[in-house]
Amino acid sequence: MGLQCDQDGQYRASQRDGGSGKAFCVDGEGRRLLWSETEAPLMDTQCLVMQKFEKVPESKVLFNADIAVVVRSKVPGSESPLMQCLADCALDEACSFLAVSTVGSEVSCDFYAWTSDNIACMTSGQVHESTLKGQEFTTTSQKSFQKTGFQNTLSGMYRPVVFSASGANLTEVHLFCLLECDRDSCCDGFILAQVQGGPIICGLLSSPDVLLCNVGDWRDRSDAQTNTTCPGVTYDQGSRRVTLRLGGQEFKSLTPPEGAQDTFISFQQVYLWKDSDMGSRSESMGCRRDMEPRPTSPTETDLTTDLFSPVDLNQVIVNGNQSLPSQQHWLFKHLFSPQQANLWCLSRCVQEPSFCRLAEITDSAPLYFTCILYSEAQVCDDVLESTPKGCRLILPHSPGALFRKKVVLKDRVKNFYTRLPFQKLTGISIRSKVPMSDKSMSNGFFECERLCDLDPCCTGFGFLNVSQLKGGEVTCLTLNSLGLQTCSEENGGTWRILDCGSPDTEVRTYPFGWYQKPVAQNDAPSFCPLVVLPSLTEKVALDAWQSLALSSVVVDPSIRNFDVAHISTTATRNFSAARDLCLLECSRHQACLVTTLQTRPGAVRCVFYADTQSCTHSLQSQNCQLLLREEATYIYRKPNLPLPGFGTSAPSVTIATHGQLLGRSLAIQVGTSWKQVDQFLGVPYASPPLAESRFRAPEPSNWMGSWDASKPRASCWQPGTRTPTSPGVNEDCLYLNVFVPQNVAPNASVLVFFHNTVEGRGSEGRLAIDGSFLAAVGNLIVVTAGYRVGIFGFLSSGSSEVSGNWGLLDQVTALTWVHTHIRVFGGDPRRVALAADRSGADVASIHLLTTRSANSRLFRRAVLMGGSALSPAAVIRQERAQQQAAALAEEVGCSTSSIQEMVSCLRQKPANVLNDAQTKLLAVSGPFQYWGPVVDGQYLREALARALQRFPRAKIDLLIGSSQDDGLINRAKAVKQFEESQGRTSSKTAFYQALQNSLGGEEADAGVLAAATWYYSLEHSADDYASFSRALENATRDYFITCPVIDMASHWARRAWGNVFMYHAPKSYGHSSLELLADVQYAFGLPFHPAYEGQFTLEEKSLSLKIMQYFSNFIRSGNPNYSHEFSRKAPEFAAPWPDFVPRAGGENYKEFSALLPNQQGLKKTDCSFWSKYIRSLKMSADEAKDELSAGSEEEGQLADSGLGEDLLGLAEPASKSYSK
């Protein structure tokens, strides 16, 4: 029959017979207590009481009511009467055995003491009989013995008797000892010992000197010599014989049972006559006289004085619940004077160099002094400063006299201490606090090492500069446990889930820090205080985590998004407790997805990972791998639980202060893979800019309740929008769309893309830009937002009444909304990338240079697709803005006599009337007559040329590029079509002439215009309209788009304001009918959209997949390449994208063509024409002016000329002759 075991692997005290169903008890060896069988269930606590008793056979009991002396009787309750009696006897020191009797239904118990009246010995076989009381009893004067709890004496045994194992049992020999000692007037007690499977020894004691080996003493079980003193056993390996020392005598040639050398003694106890007269006994009695009080030598007194110092008992705190490892001794007064007792106790402490730190001598009994040795009883709080009350002595009782062993440091450091790569330790156990400010740094550190050397319980130390806010204090903390170690220095703090704020303590600068003692093969001594981390406040459900095998992950040392914690094995020796602590910590942080555990010497290592899953896509499949920085024994991953409100057919989220957004969920296909994406469309980020809100800054949206976010809202008015207006265009257009892939990683990166469609495709139920595909491939959140453009977004009168830049402020408001609310969608507001295309990129790039956006950190990265703040027409002058406002007012019949009257009139005009008017004006104007951002003194406080010279407050990574299909003529397509629909065909010629004139700059410099006309062969194409149009598009593209893009990248890279990557999309064919250019088409996955089914080849779809992966990587990390070695080697992926890095051979860029090749020197010759030749041409024309005026003019023309390098002296001297 198998026995049940507890969690420690020991036999459970209570068992149940599987056959009969009866309950029974077993002892520590698993032997059944036959008399404990019962039908009723038994508890472990009941069986532990029963283990202290044995049932006496009836043949061993005599009943004699006239002799037996009963201590007391009891009538137990009706429930478990036997257990009640056994429990009472176990607690009563006077009770040595009991008898249970039943009269009718009444049960009674009689308790008896070990007295000679209760024992009768028979000569036949020396059998000891117990006599139990029948009725009344009388008090007798026989010796009464107490069980001392000690196992041995140094001397005093004078008459040992050895009984064979087969001739008697322990109870019978016990009774024999009681009777023999009672009869002998010299006997003061006896030692009773039983050899495992061998003889039983009864040794009578007379005038013992010292009792030692208390059963409650701490003993070093790892010390091979331990048994020599307690209980006094020596085992000879050669002869395989045991020598037992009891009371100063030796018992030799004892043979232990096989394998029982360490448990040779099964029972050993000293019993003492309570009222012994050993101190006053007459010499005439002839008792032992070999123990005389010895005088104290001066040497001993000096020794103890040098090694110990008395403790002020007022500084000791008494706590009865405090349990301390100790060693107790009784020193009998007839042989020890108080001074001798002190010296003996202190000398005994010296003999325990590792264990003993405190010695207590108490005179509280008539027969003996009590000597108690303690290990360190000092308890320190967890405050790092060394305050006077930071460490206190705590004892379980009030001491009589207490001495502390002095600290004597060694001359050399014994151990090599390793600095921990962690800045913060919690749950530590501080052994001592020693201020070191009065020592030099090296001496203080040296002393700290030696202090830890001296303490066997010290596992390490902290050498810290604490109280920084108060001036600093160097402190040494010796530690019993290194607790929970966090704030790892391994990853440079790039990603953390654990709090690392400790500004008041300096641990980072060497030699400050936390240091660990070498981890020994054996554990710390058992007398070291047990340190346990606080119990977890929440229960960890292990089945809620996905356990992974190491073979299912890929180890990639280049992983950077991880955090590390170590849990000291002194703080938790239970691996499951360490595991639960790590899993709970990860579960509390949404960004933490994976936890790995590995046991290391002295600690359990936990590594927390963010979303380290790396996916590569192809048209055939999607391959995802979980990447880990290092191998681990245990790997746990959070199940991909959708965010609240997600993963349903109608996803919803709650927006604070507003209400509930009700979205929609769609399944999209990328190659052969299907993914579910939740869409929240038409979400208002500002109030409608209507009526009096027209030409004003956006105001907060005030919707409440629930909002239908299942359909797109209208786009903003743009020049060229035709009338009658489609439902997809409206002045009420400040909305955004949020695309969230299901099972998105927590704290996902976010892309905010600003774009306005021309014809308001929302009227067809379709999105202008669908972010679903990029979101699904990149496992990130995509937000698209509209903003006001043209007169609705940038009309400026040059006064505070209509200051302009409403479109810029729309973008800021949208970014602020994302920063405030993106968490409810699963996004991280600290990982937002700003993006825009074409003229929108010109506008959006201004945010990189304004202090307002930089200070609020609304975005960390920027993607500019075909636009730059260095475009000559990115910002218009106030005078030009006023002229354009007046021209618009005249066009729609508004008076311009006063600004207030003009603005009031313009606010009353229908939106379509204003839009038709601005379209008409733009149809015959160049780019310098567009409505755009102005220096308003509020948001845009200074010219961009000046802003470019200021170092940004925070670095922003930049991905920037252009497309060969782009151009000002291409962008004006809608305006031309509108004019044709109005029958105004002559405006086309005027528009082309205005474009050509713009090549001379805002002031239409004739010399510059002539040079550009010559360089781009514009004069040779006048009779060939198609050739002229292409040449003009090339010229204006270089001047207004491509070269400013390159200048922006170069400017950003030279000043190391962030990572810089550039691309260029060459001319494409076959998709010119689409409004979006190739770079936007591929980046947003248009080839996979069902609306364009059949319009893209497999090669173009594959190209789109790779570009989406590039963009996703950049949005997440600021680098379009995979950040992990494993992913960079994936065969599905293209060649790594090199950073821009200006160099002699030309800057690097990625070409968006089939093979995604890396190229150098984009438009190097054409852009040099503008940055060098035109610059030298202007310098020649202005050489008559003084140098200062020339310098001032040059600075003012920076934005006009597009020469972003000129002012900063980055251009190289060039020849005045120039070839095509």
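Our structure's up above, just so we're on the same page.
Structural notes, computed from the coordinates. (Residues numbered from 1 in each chain as written. Predicted model: local features only at pLDDT ≥ 70, side-chain atom pairs only at ≥ 80, totals over all residues. Heavy atoms only, no water.)

Focus on the sheet that holds strand β28 (residues 418–419)
Taken together, five strands build an open sheet; the order of strands is β28-β34-β31-β32-β30 and the sheet is antiparallel. Each end of this open sheet is capped by a strand with a single partner; those strands are β28 and β30 (429–435). Along the sheet, helix α7 (residues 441–454) contacts β30, β31 (460–466), β32 (473–481) and β34 (513–516); its crossing angle with β31, the most-contacted strand, is approximately 150°. (Pairing = 2+ DSSP bridges. Helix = DSSP H or I, 4+ residues; strand = E, 2+ residues; numbered from the N terminus. Contact = heavy atoms within 4.5 Å. Axes fitted to C-alpha atoms, helices over the stretch in contact; angles between N-to-C directions.)

Section: the pairing of strand β22 (residues 326–332)
Among the seven residues that make up β22, six are buried, leaving the element largely enclosed by the rest of the structure. Relative to β22, strand β15 (residues 210–214) runs antiparallel, the two sharing two bridges. Across the sheet, Val 210 pairs through a bridge with Leu 331, a residue of β22. (Buried < 20%, exposed > 50% of the residue type's maximum accessible area, 1.4 Å probe, protein only.)

Re the pairing of strand β3 (residues 32–38)
Of the strand pairs in this sheet, strand β2 (residues 23–26) and β3 are connected by three bridges, and their pairing is antiparallel. Within β3, the position partnered with Cys 25 by the bridge is Leu 33. The antiparallel pairing of β2 with β3 creates a hairpin that spans five residues between the two strands, and Gly 30 there sits at a positive phi of about 90°.

Quick word on unusual backbone geometry
The peptide bond linking Tyr 510 to Pro 511 adopts the cis configuration, its omega dihedral lying at 10°. Position of Pro 511 relative to the elements: it lies in the loop between β33 (484–488) and β34. Here the phi dihedral of Phe 695 falls at roughly 60°; this positive angle occurs in a residue that is not glycine. On the basis of relative accessible area, Phe 695 is assigned to the buried category, the value being 0%. Positive phi, close to 50°, is recorded for Leu 1156, a residue that is not glycine. Following the sequence through the fold, Leu 1156 ends up in the loop between β55 (1148–1151) and β56 (1158–1160). We classify Leu 1156 as buried; its relative accessible area is 1%.

Regarding the pattern of salt bridges
Following the criterion strictly, the structure yields 41 salt bridges and no others. With a closest N to O distance of 3.5 Å, Arg 32 and Asp 17 form a salt bridge. Taken together, the residues span a long stretch of sequence, with Arg 32 in strand β3 and Asp 17 in the loop between β1 (14–16) and β2 at a distance of 15 residues. Given the relative accessible area of 29%, Arg 32 is considered partly exposed. Between Arg 588 and Glu 538 there is a salt bridge; the shortest N-O distance is 3.7 Å. Of this pair, Arg 588 sits in the loop between α8 (575–587) and β38 (594–600) while Glu 538 sits in the loop between β34 and β35 (546–548), placing them 50 residues apart in sequence. Owing to a relative accessible area of 43%, Arg 588 belongs among the partly exposed residues under this scheme. (Salt bridge = Lys/Arg side-chain N within 4 Å of Asp/Glu carboxyl O.)

Observations regarding the state of the cysteines
This model, assessed by the stated rule, comprises 17 disulfides. Through a disulfide, Cys 345 is tied to Cys 371; the S-S separation comes to 2.0 Å. Torsion about the S-S bond of the Cys 345 and Cys 371 cystine: about 80°, corresponding to right-handed handedness. Remark: Cys 371 occurs in strand β24 (residues 368–374) and Cys 345 occurs in helix α6 (residues 338–350); sequence separation between them is 26 residues. Taken individually, Cys 345 and Cys 371 each receive the classification buried, so the pair is uniform in this respect. (Disulfide = S-S within 2.5 Å.)

Some thoughts on helix α19 (residues 973–981)
Each turn of an α-helix holds 3.6 residues, which means side chains three or four residues apart point in the same direction. Listing the buried residues of α19 in full gives Ala 974, Val 975, Phe 978 and Glu 979. End-on, the buried residues of α19 take up no more than an arc of 135°, which puts them together on one face. (Arc of directions from axis to C-beta.)

Examining the side chain of Gln 996
Counting through the fold element by element, Gln 996 comes out in helix α20 (residues 987–998). Among residues more than four places away in sequence, those in contact with Gln 996 are Leu 1009, Thr 1013, Leu 1018, Phe 1028 and Leu 1032.

A short note on the environment of Thr 723
Note on placement: Thr 723 falls in the loop between β47 (705–708) and β48 (735–741). Residue Thr 723 is classed as partly exposed on the basis of its relative accessible area of 27%. In this structure, the C-alpha to C-alpha distance between Thr 723 and Val 913, residues 190 residues apart in sequence, is 9.2 Å.

Quick look at helix α24 (residues 1098–1117)
Helix length check: α24 (20 residues) gives 29 Å between terminal C-alpha atoms against 28 Å at 1.5 Å per residue, within 8%. Counted residue by residue, α24 has 14 buried out of 20 residues, so it is predominantly covered. (Expected span 1.5 Å × (residues − 1).)

Quick notes on the sheet that holds β47
Taken in spatial order, the three strands make up an open sheet running β43-β44-β47, and their pairing is mixed. Two strands bound the open sheet, and with one partner strand each, they are β43 (652–655) and β47. With direction set aside, neighbouring strand axes in the sheet form an average angle of 25°.

Observations regarding the packing of helix α14 (residues 878–892) against helix α16 (residues 911–922)
With their axes 10 Å apart at the nearest point, α14 and α16 run at an angle of 120° to one another. Accordingly, the angle class assigned to the pair α14 and α16 is oblique. Handedness of the α14/α16 crossing: right-handed. Across the interface between the two elements, Ala 887, Leu 888, Glu 891 and Val 892 from α14 touch Val 913, Leu 914, Ala 917, Gln 918, Lys 920 and Leu 921 from α16. (Parallel < 35°, antiparallel > 145°, perpendicular 65-115°, else oblique. Left-handed = near helix turned anticlockwise from the far one by under 90°.)

Focus on the side chain of Asp 184
Within the element layout of this structure, Asp 184 appears in the loop between α3 (170–183) and β13 (189–195). Salt bridges are absent for the buried Asp 184, whose nearest opposite-charge side chain, Arg 159, sits at 4.4 Å. At 2.6 Å, the side chain of Asp 184 forms a polar contact with the side chain of Tyr 158. Discounting chain neighbours no more than four positions away, the residues touching Asp 184 are Lys 143, Tyr 158 and Arg 159. (Lys, Arg positive; Asp, Glu negative; His and termini not counted. Polar contact = N/O pair within 3.5 Å; in protein donor to acceptor, adjacent residues only side chain to side chain.)

Notes on the packing of aromatic side chains
Tallied over the entire structure, the rule returns 39 aromatic pairs. For the pair Phe 332 and Tyr 368, a centre-to-centre distance of 6.1 Å together with 75° between the ring planes defines the contact as edge-to-face. Separated by 36 residues along the polypeptide, Phe 332 in strand β22 and Tyr 368 in strand β24 bring together distant segments of the chain. Here Phe 332 and Tyr 368 have matching classes, each one buried. For the pair Phe 680 and Phe 825, a centre-to-centre distance of 5.3 Å together with 75° between the ring planes defines the contact as edge-to-face. (Phe/Tyr/Trp six-rings, centres within 6.5 Å; stacked < 30°, edge-to-face > 60°.)

Looking at the environment of Val 683
Tracing the sequence through the fold places Val 683 in strand β46 (residues 673–684). Look at Val 683 and you get buried, because its relative accessible area is 0%. Taking the C-alpha atoms as reference points, Val 683 and Arg 713, 30 residues apart in sequence, are found 8.2 Å from one another. Sequence-distant contacts of Val 683, that is, excluding residues within four places in its chain, are made with Leu 661, Trp 707, Ala 709, Leu 734, Tyr 735, Leu 736 and Trp 817.

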